[in-house]
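# Close look at the chain arrangement
Each chain, letter by letter, is given below.
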Amino acid sequence: GVPLDQLTTVFEPIFNHLIFYLTAGFAGLNAVAHGLELDGGLMVLFVPIANVAAALTGENYIGSISHVYVNGFFDDPSAGNVYSMLGSLIAYVGLIFGFVISTGIVGGAYLLFAIGWRQRSAAARIPAFYVMAVLAFGWFEYYFWHLTPYEIALFAVVGVVIDRRRSARRRVGYR
C-alpha cells in the first residue's frame, strides 16, 4: 500500500481546493455584509441582455467578471471573486435594491413553477425546474449574468408554444 503521509500530500491540496469552492460564495457574502461594494451597478447584473444589445449595435461589451478577490475561510491562501447570489446583488446595487431584485427573481421562479404546474405540461415545467436549479446554486454565485439562463428561457418558450399547438391540434382531432 501507499504510506499515509504520501496520500495526505497528494489529497490535502485537492481537499482544500474543494472546501474553498464550497465556501467561496459564503466568504464573498461575508465580505459584502462587511461593506464590500462592487462597481458596475444594475447593468452588470443583467449583462447578457446589455451585451446582446451591444453586439447588435456595435457598442462595447460590459464585463461581468469581478476583479475584486476575497480571501476564503480558514488558512487557505486562495481568494475568490464569487459572492453568492444575494451577495452579488447587494454588492452591485445596494442592500434594499439587492433584496428587491432577489425577491423578484425568487418570486418569478415560484410564479413560473405555479404556471407550469397548472398547465400540466412538461414543456411548461421544464423552465421552472431549470430556474430552480439555477437558484439552488445561489449559495455560490449569481448565475443570471451568464447567457445560458436566457437561452434556456427562449428555448423553453419555443417548446411551450410547440406543445400548446400540438395539444390544440389533438383536441380538434388533427394528427
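Structural notes, computed from the coordinates. Predicted model only: the values in this text are computed from it and were never measured. (Residues numbered from 1 in each chain as written. Predicted model: local features only at pLDDT ≥ 70, side-chain atom pairs only at ≥ 80, totals over all residues. Heavy atoms only, no water.)

## Here we look at the overall build of the protein chain
Along the protein chain, the regular secondary structure elements total 7 helices and 2 strands. Along its sequence from the N terminus, the protein chain presents helices and strands in the succession α-α-α-β-β-α-α-α-α. Judged by the C-alpha coordinates and their principal axes, the protein chain covers about 70 × 50 × 30 Å. For the protein chain, contacts bridging at least 24 residues in sequence account for 64% of all contacts bridging at least 6. Accessible area for the protein chain stands at about 11700 Å²; split by element, carbon and sulfur atoms hold 66% of it. Each charge class in the protein chain was averaged separately, 10 positive and 10 negative side chains, and the resulting centres sit 41 Å apart. (Helix = DSSP H or I, 4+ residues; strand = E, 2+ residues; numbered from the N terminus. Contact = heavy atoms within 4.5 Å. Areas by Shrake-Rupley, 256 points an atom, 1.4 Å probe, with all protein chains shown as cover. Lys, Arg positive; Asp, Glu negative; His and termini not counted. Charge placed at Lys NZ, Arg CZ, Asp CG, Glu CD.)

## A word on the packing of aromatic side chains
A full pass over the atoms with the stated rule returns 10 aromatic pairs. Ring plane angle 65 degrees and centroid distance 5.7 Å describe the contact between Trp139 and Phe140, whose orientation is recorded as edge-to-face. Take Trp139: its relative accessible area is 29%, and that puts it in the partly exposed class. A connected cluster of aromatic rings, assembled from ring pairs, spans Phe20, Tyr21, Phe26, Phe137, Trp139 and Phe140. One Lys or Arg, Arg125, reaches over the ring of Trp117 and ends 4.1 Å from the middle of that ring. (Phe/Tyr/Trp six-rings, centres within 6.5 Å; stacked < 30°, edge-to-face > 60°. Buried < 20%, exposed > 50% of the residue type's maximum accessible area, 1.4 Å probe, protein only. Lys NZ or Arg CZ within 6 Å of the ring centre and 35° of its normal.)

## Thoughts on helix α3 (residues 47-57)
Of the residues making up α3, those classed as buried are Val47, Pro48, Ala50, Asn51 and Ala54. Viewed end-on, α3 has its buried residues packed into an arc of 160 degrees, placing them on one side of the element. Turned more than 90 degrees from where α3 packs its buried face, Leu56 and Thr57 sit exposed. Against the buried residues of α3 lie α2 (41-45) and α7 (148-172). Directly after α3, the chain includes Gly58, whose backbone phi takes a positive value near 80 degrees. (Arc of directions from axis to C-beta.)

## Brief notes about a positive patch on the surface
Where like charges cluster on the molecular surface, the positive patch consists of Arg164, Arg166, Arg170 and Arg171. When you line up the elements, Arg164 lands in helix α7. (Patch = residues over 30% accessible without salt bridge, like charges linked within 9 Å, V, L, I, M, F, W, Y side chains within 5 Å. Salt bridge = Lys/Arg side-chain N within 4 Å of Asp/Glu carboxyl O.)

## Let's talk about the nonpolar core
Of all hydrophobic cores here, the largest spans 21 residues; its most connected members are Leu45, Leu89, Tyr92, Ile105, Tyr142, Phe144 and Trp145. At 5 residues, the largest contribution of residues to this core is made by helix α4 (residues 85-93). Those residues in contact with Tyr92 that sit more than four places away from it in its chain are Leu38, Asp39, Gly40, Gly41, Val44, Leu45, Ser64, Ser66 and Trp145. (Core = buried A, V, L, I, M, F, W, Y, C linked by side-chain atoms within 4.5 Å.)

## Points about a nonpolar patch on the surface
Together, Val2, Leu4, Leu7, Val10, Phe11 and Ile14 line one region of the surface with nonpolar side chains, adding up to about 590 Å² of accessible area. Mapped onto the elements, Phe11 comes out in helix α1 (residues 4-33). In this structure Phe11 comes out as partly exposed when scored by relative accessible area, which is 49%.

## Description of α1
With 30 residues, α1 extends 41 Å from end C-alpha to end C-alpha; this agrees with the ideal 44 Å at 1.5 Å per step. At Thr23, α1 is bent by approximately 45 degrees, the largest bend along its length. Packing partners of the buried residues in α1 comprise β1 (70-71), β2 (79-80) and α4. Immediately beyond the C-terminal end of α1, within one or two residues, lies Gly35, with a positive phi of roughly 110 degrees. (Expected span 1.5 Å × (residues − 1). Bend = angle between axes of the 7 residues up to and from the residue.)

Remember, this is a structural readout, not a statement about activity or role.
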